[in-house]
Amino acid sequence: MNILITGADGFIGRALVARLLSSGVLPGLGDARRQVTLLDRNFAAPVTDARVRTVAGDFSRAATLSEVLRDPIDCVFHLASIPGGAAEAQFELGLEVNLRATLDLFERLREQGTTPKVVFASTIGVYGVPLPELIDESTLPGPTMSYGAHKYVGEVLLCDYSRRGWIDGRALRLPGIVARPPQASGMLSAFMSDIIRILSAGRPFVCPVASDGMAWWMSRTCVVENLLHAAGLNAALVEKRRVWLLPVLHASLGDVVAAIARVHGEEVLQHVTYQPNAALQAQFANLPPLCCPASLAAGFRNDGTLESLVQRALDGP
């Protein structure tokens, strides 16, 4: 088995690699120990596992794709992207990586002639703003940022290539995943990670949205579980549905702060102040309930409780 992970040295990618290598088995695909190919622009630390081949290079370059696809791929976790804020500020770069390179990847996989599985990291950003009073599995996308538009087009391509039997795709519309590291990531939703990481460390935090602002929450540990679950979905399920919502926790910033206080001590409540930014509030903290019974029935899961979210959000690597 040959598994490819694009964006492998990113926040989610590192955790996915660690989980995959520690378990050795990919649900629905059997023993995954033969080869795991990791692709990213660079790697912060060398990966020495004998099962792993690393390729450092630009995902949007043809030579890089040729290198990572030199052996037939059985399953791809496509995580590489230029995220929301960065894609908005650098339109050409976002278009090149998020859309053109994704199409190039699908084309290369089509040329293999083996119908590899593709797990595509999409985004809740496909819905844009303002949002309806409820998001469910029949809500139509209407992206209002370039990143959401790129990901929505990627979903459409994934479904069409799957319909033709060239790939076996499944896309997950990821919510805000916490808690990302503090370095600049281009994520406009970074405050959702900052509030957990900083308050859990006992430091003061100025929240850029109101305490009653409602958001969708999921830990990195939980999203990795859902990515692996997506790879193992049986054929009958994916033939009916290629694009999946995830059953997130729907909670206010104040609710999350209270959960942090229950986990790390009541003094946390004294360390937070609120200075709402209207644009961030509209995009990331004015989110309605999300209803996805088909995803729940298919086995996708959330973190269970806000306390569990807070604890899992700080899990390594």
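One can find the structure itself at the top, above this paragraph.
These notes cover the structure that comes with them. (Residues numbered from 1 in each chain as written. Predicted model: local features only at pLDDT ≥ 70, side-chain atom pairs only at ≥ 80, totals over all residues. Heavy atoms only, no water.)

## A word on the nonpolar core
For soluble globular proteins, nonpolar side chains are generally found buried alongside one another.
Next up, step 1: Of all hydrophobic cores here, the largest spans 46 residues; its most connected members are I5, I12, F77, L172, V223 and F300.
Next up, step 2: When near neighbours in sequence (up to four residues on either side) are disregarded, V223 contacts I12, L174, I177, M218 and L246.
Next up, step 3: A259, V268, L280 and A285 belong to the second largest nonpolar core, which has 30 residues in total. (Core = buried A, V, L, I, M, F, W, Y, C linked by side-chain atoms within 4.5 Å. Buried < 20%, exposed > 50% of the residue type's maximum accessible area, 1.4 Å probe, protein only. Contact = heavy atoms within 4.5 Å.)

## Considering the packing of helix α1 (residues 11-23) against helix α7 (residues 220-231)
Next up, step 1: The N-to-C vectors of α1 and α7 enclose an angle of 65 degrees; their axes lie 9 Å apart at closest approach. Remark: the crossing between α1 and α7 carries right-handed chirality. Here α1 contributes F11, I12, R14, A15, L16, R19 and L20 to the contact with α7, which in turn contributes R220, V223, V224, E225, L227 and L228.
Next up, step 2: Of the residues assigned to the contact of α1 with α7, the class counts are nine nonpolar, no polar and four charged. (Axes fitted to C-alpha atoms, helices over the stretch in contact; angles between N-to-C directions. Helix = DSSP H or I, 4+ residues; strand = E, 2+ residues; numbered from the N terminus. Left-handed = near helix turned anticlockwise from the far one by under 90°. Nonpolar A, V, L, I, M, F, W, Y, C, P; charged D, E, K, R; others polar.)

## Considering the sheet that holds strand β14 (residues 249-252)
Next up, step 1: Ordered in space as β10-β12-β14, the three strands form an open sheet in which the pairing is mixed. The outermost strands of the open sheet, each flanked by one partner alone, are β10 (176-178) and β14. Neighbour-to-neighbour, the strand axes of the sheet open up by a mean angle of 50 degrees, direction not taken into account.
Next up, step 2: Contacts from helix α12 (residues 306-313) reach β10, β12 (214-219) and β14 within the one sheet, and its direction differs from that of β12 by about 55 degrees. (Pairing = 2+ DSSP bridges.)

## Brief notes about the pattern of salt bridges
Any two side chains of opposite charge can pair, given that their charged atoms come close.
Next up, step 1: This structure, assessed with the given rule, holds 17 salt bridges.
Next up, step 2: The partner of D160 in a salt bridge is R163, and the shortest N-O contact between them spans 2.7 Å. With D160 and R163 both in helix α5 (residues 146-163), this residue pair falls three residues apart, about one helical turn.
Next up, step 3: Judged by its relative accessible area of 58%, R163 falls in the exposed class. (Salt bridge = Lys/Arg side-chain N within 4 Å of Asp/Glu carboxyl O.)

## Quick look at unusual backbone geometry
Next up, step 1: The amide bond that connects V129 to the next residue, P130, takes the cis arrangement and shows omega of -5 degrees.
Next up, step 2: Looking at the element boundaries, P130 is found in the loop between β7 (117-123) and β8 (135-136).
Next up, step 3: Between V178 and A179 the backbone carries a cis peptide bond, its omega angle lying at 0 degrees.
Next up, step 4: Residues other than glycine seldom take positive phi values, yet T115 does so here, at roughly 50 degrees.
Next up, step 5: Following the sequence through the fold, T115 ends up in the loop between α4 (91-112) and β7.
Next up, step 6: Exposure remark for T115: the relative accessible area of 36% places this residue in the partly exposed category.

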